[in-house]
Amino acid sequence: MTSAEPAEPVEPAEQAEPAAPLEPAEPAPGLTPAEVAERVARGEVNDVPVRSSRSAVEIVRANIFTRFNAIIGVLFAIILVVGPIQDGLFGFVIVANTGIGIVQELRAKRTLDRLAVIGEAQPTVRRGGTASRIPTAEVVLDDVIELGPGDKVVVDGDVVETDGLEIDESLLTGEADPVVKKPGDPVMSGSFVVAGGGAFTATRVGRQAYAAQLAEEASRFTLVHSELRTGISRILKYVTWMMIPTALGLILSHLLTLGLPGDAAIRRMVAGIVPMIPEGLVLLTSVAFAIGVIRLGRKQCLVQELPAIEGLARVDVVCLDKTGTLTEGGMDVCDLRILNGTDVGANVGTDVDYIRQVLGALGGADPRPNASLQAVIDAFPADGSWRCTRSLPFSSARKYSGASFSDPYGETSTWLLGAPDVLLPTGDPALAETDELNAQGLRVLLLARATRELDDPEVARGVRPAALVVLEQRLRPDAPDTLRYFAEQRVDAKVISGDNAVSVGAVAGKLGLPGAEAPVDARELPQLPAGRDALGVALDEGTVFGRVTPRQKRDMVGALQSRGHAVAMTGDGVNDVLALKDADIGVSMGSGSEATRAVAQIVLLNNSFATLPSVVAEGRRVIGNITRVATLFLTKTVYSVLLAILVACCQIPYPYLPRHLTLLSTLTIGVPAFFLALAPNKERARPHFVRRVMRYAIPSGLITGLAAFATYLLARAYYTGPGSLAAETSAATLTLFLTALWVLAIIARPYTWWRVVLVLTMAVAFLVVLATPWLQAFFDLRLVGTTMPWAAVGIALVASALLELTWRRIAHRFPT
């Protein structure tokens, strides 16, 4: 079955038939050190290059060889030919910005590479009869690799040992149901174990493996879809097309109509073209993302895909798996309740010691216990007198595990340990007691004796309940604050768990989650595909959902997405993998299974749910700040296009030289944008990036451009004689700077001390240029007289008032 042909929903008990292990055989010892060395020498090593980021060469190449660096480079070369050098300052600004981008991304690469090593999957390989964990890249052909629940199959191979081994291959084939594996069956890299254990021999390693590319892509730092990047690329494409006709119009106007010398015409054309390019916007976006990665890396948060920071900031629903997220991984047995009056065996009765022996034997029968069974093992250690003849590992689809024993009393018996409401029929007296315990937030397992063989698909039917094992879960101390943060940020938290709904609701209630008092049993929810709309409604209304199967988790994510939600899913177990893969953002715990870490975009290496607010905050900082600086850059693009069109239409010289616009861009955009892009920002991320930016940039650019052009026309009428063009340019530059500075002042709100200092510093820097003789000469700026300069200031004040009115009107019409 392919991914285009989804499997039909099946009942949990039918998801996979339990596989009975073969009679115990001598385990395969694996390769000897000499055989390993032989294969390494032949190059039969799993050498797929799994990187967490681009190489240093790729980073340098990507930052240097861009479309706009090429355009700027050509214009810079032209200025170097026609001179003077101060008109080519924009070229040095690009070099500086590109250098900053390279340095920051290399820093991010080092952070990611270090964290990727910490989070790398390490399979257990058997060599010379000894099992040890080694890096994936050191696996060689014919290695014997052990598997357990949650392990990812890292290379292709053939099964040599099984103990109820069930493999989920859905990430490769689209087949939703786990596949029971027997000795001799093939396993493919990229699949993962959902139940049982076993071992396989590696038959294809490295690039020859079936899913080598999938394994690489699942763990690398990739530039996937991002609204910010897509929006900026669209803007830059439009700017590129506008530049060509504008450049032709300016050069022809200055050469043919105005009759300027060739070098002067070229300088004026370059001056008109360069400010249209929002060259620093792409670099600042990369820098903001890179610094975000570094900041999160310091908190042991591995961002496997760059836009995941942005994506989590846009999330409005976060689905939490209770175990490992709201609660810590470990549990403790706090009570053992024998179910009186239940016949559990001729020699047994209700003897608590016998029940303890059974629980100890069940724990000893599973070589890879989950958290619940580990708590049972810790409380009831096995005494070795019970011999396991057959076992059934726990599966999140079945909700129970089991084993058949030959006990020291001469009897053979089959026992199941799992969810009471799955093993017992509705109305059973034991369920009432279970509900009372669940209401206290306790987890309850039922020990029951089976009347059927363990390999019978209906083994759970007609069981005889023997005892209730009561487990106390350890709540994460940081969970209440994290849930409170999501509530304050208007992000709905949904707890989706495979445990009993009442128990999950009680735990969520202790943590202060609103809506936890009305938990929903997922078995009563509408089924897909017909009930998608109804399921979405139920999910919007509810907060806590229990008894959710792995397939249902995936369906829930899809139903929420169909209602327009951006969904994040957290989890650490194999039952979370499919939902993590389908969610907009998948978040895995570092201690989670290899499969969850492989498909998640974000891995919390410190296993702390409390790190999530930092990721959300970092994403909001990036998106909010890039939106701010994008408005600055695009305001410049708009007024540059407008000035070029007006000059060409009026057949007058372009008012500015490249050095003037380099100075203005540096003081009103370049330097301030760098600080604003890295500032704290808690605004909630909103969609339609391009629309929101252009909503402010277009009117701001039009007002700024018209103000500067009005001053230029007035100065042309006022000044006459030789040198008048320089005086006209200086007056127009003053108006343009003051109006652009006011745009910066608006964007810098809400004001803090450092934002005020930033704006004032830029203003003082411009005054220093006007007051310093050698800087006046360098930038060719000289205000002549007092009438025209004050007129330039007056026009700038009128333009600033118009900017204020326009921004307030837009904010009123399109409230946040």
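Every value quoted in this text rests on a predicted model; they were computed, and no experiment measured them.

1. Digging into the overall build of the protein chain
Item 1. In terms of regular secondary structure, the protein chain is built from 27 helices and 21 strands.
Item 2. Buried positions account for 57% of the 816 residues belonging to the protein chain.
Item 3. Residue pairs at least 24 apart in sequence account for 74% of intrachain contacts in the protein chain once pairs closer than 6 positions are excluded.
Item 4. When the accessible surface of the protein chain is split by element, carbon and sulfur atoms take 59% of a total near 32900 Å².

2. Quick look at the sheet that holds strand β9 (residues 317-320)
Item 1. Strand order in this open sheet of 8 strands is β8-β21-β20-β19-β9-β16-β18-β17, and the pairing throughout is mixed. With partners counted over all chains shown, the strands left at the sheet margins are β8 (301-303) and β17 (520-521), one partner each.
Item 2. Where strand β16 (residues 492-496) and strand β18 (residues 544-546) come together, 2 bridges link them in parallel fashion. Within β18, the position partnered with Ile496 by the bridge is Phe545.

3. Considerations on the pattern of salt bridges
Item 1. Tallied over the entire structure, the rule returns 24 salt bridges.
Item 2. Across the pair Glu618 and Arg295 runs a salt bridge whose closest N-O atoms are separated by 3.5 Å. Here Glu618, found in helix α21 (residues 612-650), pairs with Arg295, found in helix α9 (residues 279-297); they are 323 residues apart in sequence, far enough to count as distant.
Item 3. Classification of Arg295 by relative accessible area gives partly exposed; the value is 30%.
Item 4. With its nearest N and O atoms 2.8 Å apart, the salt bridge here joins Arg523 to Asp521.

4. Focus on helix α24 (residues 724-747)
Item 1. Here α24 is 24 residues long and its end C-alpha atoms lie 35 Å apart, about the 34 Å a rise of 1.5 Å per residue gives.
Item 2. Most of α24 sits out of view: 20 of its 24 residues are buried.

5. Regarding the packing of α21 against α24
Item 1. Contact geometry for α21 and α24: axes closest at 10 Å, N-to-C directions at 155°. When the axis of α21 is compared with that of α24, the two are roughly antiparallel. Read as a crossing pair, α21 and α24 show a hand that is right-handed. For the pair α21 and α24, the contacting residues are Arg628, Thr631, Leu632, Thr635 and Tyr639 in the first and Leu736, Val743, Leu744 and Ile747 in the second.

6. Digging into the side chain of Arg620
Item 1. Considering the arrangement of structural elements, one finds Arg620 in helix α21.
Item 2. Buried charge without a salt bridge: Arg620, with Glu488 as the nearest opposite-charge side chain at an N-O distance of 9.2 Å.
Item 3. Side chain to side chain, Arg620 and Gln489 meet in a polar contact 2.3 Å long.

7. A look at the confidence of the model for the protein chain
Item 1. In the predicted model, the protein chain carries a mean pLDDT of 80, and 86% of its residues have values of at least 70.
Item 2. Here residues 342-350 scores under 50 on pLDDT; set against residues more than four positions off or in separate chains, the count is 20 contacts.

8. Re the nonpolar core
Item 1. Formed by 87 residues in total, the largest nonpolar core has its most connected members in Ile626, Val629, Tyr654, Tyr656, Phe689 and Phe766.
Item 2. No other element matches the 13 residues that α21 contributes to this core.
Item 3. Counting 35 residues, the second largest nonpolar core, distinct from the first, contains Cys301, Ile585, Ile602 and Leu604.

9. Structural notes on the environment of Leu437
Item 1. By the secondary structure assignment, Leu437 is in helix α14 (residues 429-439).
Item 2. Sequence separation of Leu437 and Val502 is 65 residues, and the distance between their C-alpha atoms is 9.1 Å.

10. Re the packing of aromatic side chains
Item 1. Applying the stated criterion across every chain, the model contains 11 aromatic pairs.
Item 2. Chaining the aromatic ring pairs together yields one cluster made of Tyr354, Trp386, Phe405 and Trp415.

11. Notes on the pairing of strand β13 (residues 412-418)
Item 1. Within β13, 6 of the 7 residues are buried, which leaves it mostly tucked inside the rest of the structure.
Item 2. Relative to β13, strand β12 (residues 400-406) runs antiparallel, the two sharing 7 bridges. Looking across to β13, one finds that Ser401 is bridged to Leu417.
Item 3. Connecting the antiparallel pair β12 and β13 is a turn made up of 5 residues, with Gly410 showing a positive phi of about 90°.
Item 4. Note: β13 against strand β14 (residues 443-449), 4 bridges, orientation antiparallel.

12. Some points on a nonpolar patch on the surface
Item 1. Nonpolar side chains collect at one region of the surface, where Trp241, Ile244, Leu248 and Leu252 lie side by side and expose about 470 Å² of accessible area between them.
Item 2. Looking at where Leu248 falls in the secondary structure, it is placed in helix α7 (residues 227-257).

13. Structural notes on the environment of Ser395
Item 1. Mapped onto the elements of the fold, Ser395 is located in strand β11 (residues 387-395).
Item 2. Spatially, the C-alpha atoms of Ser395 and Pro149 are 8.9 Å apart, while their sequence positions differ by 246 residues.
Item 3. Other than its neighbours up to four places away in sequence, Ser395 contacts Glu166, Ala195 and Tyr400.

14. Thoughts on the pairing of β12
The two faces of a sheet get side chains in turn, since along a regular strand they alternate between them.
Item 1. Along β12, 6 of the 7 residues are buried, which leaves the element largely enclosed by surrounding structure.
Item 2. In this sheet, β12 lies alongside β11 in antiparallel orientation, the contact comprising 6 bridges. Pairing of Arg390 across the sheet is with Ser404, part of β12.
Item 3. Here β11 folds back onto β12 in antiparallel fashion, the turn holding 4 residues, of which Lys399 has a positive phi close to 75°.

Conventions used here
Residues numbered from 1 in each chain as written. Predicted model: local features only at pLDDT ≥ 70, side-chain atom pairs only at ≥ 80, totals over all residues. Heavy atoms only, no water. Helix = DSSP H or I, 4+ residues; strand = E, 2+ residues; numbered from the N terminus. Buried < 20%, exposed > 50% of the residue type's maximum accessible area, 1.4 Å probe, protein only. Contact = heavy atoms within 4.5 Å. Areas by Shrake-Rupley, 256 points an atom, 1.4 Å probe, with all protein chains shown as cover. Pairing = 2+ DSSP bridges. Salt bridge = Lys/Arg side-chain N within 4 Å of Asp/Glu carboxyl O. Expected span 1.5 Å × (residues − 1). Axes fitted to C-alpha atoms, helices over the stretch in contact; angles between N-to-C directions. Parallel < 35°, antiparallel > 145°, perpendicular 65-115°, else oblique. Left-handed = near helix turned anticlockwise from the far one by under 90°. Lys, Arg positive; Asp, Glu negative; His and termini not counted. Polar contact = N/O pair within 3.5 Å; in protein donor to acceptor, adjacent residues only side chain to side chain. pLDDT = per-residue confidence, 0-100. Core = buried A, V, L, I, M, F, W, Y, C linked by side-chain atoms within 4.5 Å. Phe/Tyr/Trp six-rings, centres within 6.5 Å; stacked < 30°, edge-to-face > 60°. Patch = residues over 30% accessible without salt bridge, like charges linked within 9 Å, V, L, I, M, F, W, Y side chains within 5 Å.

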